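What follows is the residue order along each chain.
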Amino acid sequence: MTMWVFGYGSLVWNPGFNVAERVIATLPDYHRSFCMRSIHHRGTEKDPGLVLALDAMEGARCHGVALSVAKGEEAATLDYLRERELVSAAYLERMLDIELADGRVVEAVTYVIDADHVQYCGGLDLEEQARIIANAVGGRGPNTEYLYNTAAHLHELGIRDAELDWLAARVRHLCA
């Protein structure tokens, strides 16, 4: 049985594991949102950044990529993803059905935000998100890099996200 992972943020451009197949996919009832304060990778505890998370929203449809894991590498990939994604326990690991662009429906390892976690910050207005992203830096680099890479790679795949596009343009302006 194939192990699938749903990517909507940095997993789109930096999966960190051997991907056997990559397919455009949609996750129902969640939306991509800068609703998680980053205190490790793109910010610090003193000056948190923001990273994308899947926030539950009935009727929403998040477009991203389904990444199938190379045969025989499932356990190592899951260990890697847990170390990467569950560093602060703000994400919850779920097995959710995603719809592939070719019509298949598969179950995928998916990391969604825990809305009860202290790092959850859903509802920030876009201007505040832009200000935070423009200034934060963490262990994996500037928060701007995370935003720009995600927006660019989604565009390359033909996936449009109006909020992400607005944020990228606004952050570029703030950093100019």
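Below or above, wherever it landed, is the structure these notes cover.

Calculation notes
Residues numbered from 1 in each chain as written. Predicted model: local features only at pLDDT ≥ 70, side-chain atom pairs only at ≥ 80, totals over all residues. Heavy atoms only, no water. Phe/Tyr/Trp six-rings, centres within 6.5 Å; stacked < 30°, edge-to-face > 60°. Helix = DSSP H or I, 4+ residues; strand = E, 2+ residues; numbered from the N terminus. Buried < 20%, exposed > 50% of the residue type's maximum accessible area, 1.4 Å probe, protein only. Lys NZ or Arg CZ within 6 Å of the ring centre and 35° of its normal. Polar contact = N/O pair within 3.5 Å; in protein donor to acceptor, adjacent residues only side chain to side chain. Contact = heavy atoms within 4.5 Å. Axes fitted to C-alpha atoms, helices over the stretch in contact; angles between N-to-C directions. Nonpolar A, V, L, I, M, F, W, Y, C, P; charged D, E, K, R; others polar. Salt bridge = Lys/Arg side-chain N within 4 Å of Asp/Glu carboxyl O. 1 Å grid on protein atoms, 1.4 Å probe; cavity = no way out; pocket = protein on both sides within 12 Å on 5 of 7 lines; lining within 4 Å. Points joined across faces, edges and corners; volume = space filled by probe spheres on them.

This part is about the packing of aromatic side chains. By the definition in use, this model includes three aromatic pairs. Seen in terms of ring centroids, phenylalanine 34 and tyrosine 146 are 6.0 Å apart; in terms of plane orientation they differ by 75°. Their pairing is edge-to-face. Linking phenylalanine 34 in strand β2 (residues 19-38) with tyrosine 146 in helix α4 (residues 143-156), this pair joins segments that are 112 residues apart in sequence. Residue phenylalanine 34 shares its accessibility class with tyrosine 146, and that shared class is buried. What links up through ring pairs into an aromatic cluster is the set Trp13, Phe34 and Tyr146. In this structure, arginine 172 is placed above the aromatic ring of tyrosine 148, and the distance from its NZ or CZ to the ring centre is 3.9 Å.

Below, the discussion takes up the side chain of histidine 117. Mapping histidine 117 onto the fold places it in the loop between β5 (105-113) and α3 (126-135). A relative accessible area of 18% places histidine 117 in the buried class. Within the local environment of histidine 117, its side chain forms a polar contact with the backbone oxygen of serine 88, the two atoms lying 3.0 Å apart. Side-chain polar atoms of histidine 117 contact the backbone nitrogen of glutamine 119, separated by 3.0 Å. Look past the residues within four positions of histidine 117 in its chain and what remains in contact with it is Ser88, Ala89 and Ala90.

Turning our attention to the packing of α3 against α4. At a closest axis distance of 6 Å, the pairing of α3 and α4 adopts a crossing angle of 115°. Here α3 contributes Ile132, Ile133 and Ala134 to the contact with α4, which in turn contributes Asn143, Thr144 and Leu147. When its residues are assigned to classes, the contact of α3 with α4 shows four nonpolar, two polar and no charged.

Before going further, it helps to spend a moment on the pattern of salt bridges. Going through the model one piece at a time under the given rule, you end up with nine salt bridges. Note that arginine 32 and aspartate 161 form a salt bridge whose closest N and O atoms lie 2.8 Å from each other. One end of the pair, arginine 32, is in strand β2; the other, aspartate 161, is in the loop between α4 and α5 (162-175), and 129 residues separate them in sequence. Exposure remark for arginine 32: the relative accessible area of 8% places this residue in the buried category. Exposure remark for aspartate 161: the relative accessible area of 14% places this residue in the buried category. In this structure, the salt-bridge partner of arginine 104 is aspartate 102, at a minimum N-O distance of 2.7 Å.

Volume-wise, the largest pocket comes out at about 320 Å³. Together, 23 residues line the largest pocket, and Ser10, His41, Glu85, Tyr91 and Tyr146 are the ones closest to its centre. Contributing elements (two or more residues each) for the lining of the largest pocket: α1 (10-13), β2, β3 (49-69) and α2 (74-85). Top element by residues in the lining of the largest pocket is α1. It accounts for three residues.

Relative to the helices and strands, threonine 26 resides in strand β2. Separated by 3.0 Å, the side chains of threonine 26 and histidine 63 make a polar contact. For threonine 26, the contacting residues outside a window of four places in its chain are Phe6, Arg61, Cys62, His63, Ile98 and Glu99.

On to empty space enclosed by the protein. The tally for this structure, following the rule as stated, stands at one cavity of 30 Å³ or more. Of the voids in this model, the largest cavity is the one considered here, and its volume is about 50 Å³. Along the walls of the largest cavity sit Arg32, Ser33, Phe34, Leu52, Gln129, Asp161, Glu163, Leu164 and Leu167, which together make up its complete lining. Mapped by element, the contributors of at least two residues to the lining of the largest cavity are β2 and α5. Here the lining of the largest cavity is composed, by residue class, of four nonpolar, two polar and three charged.

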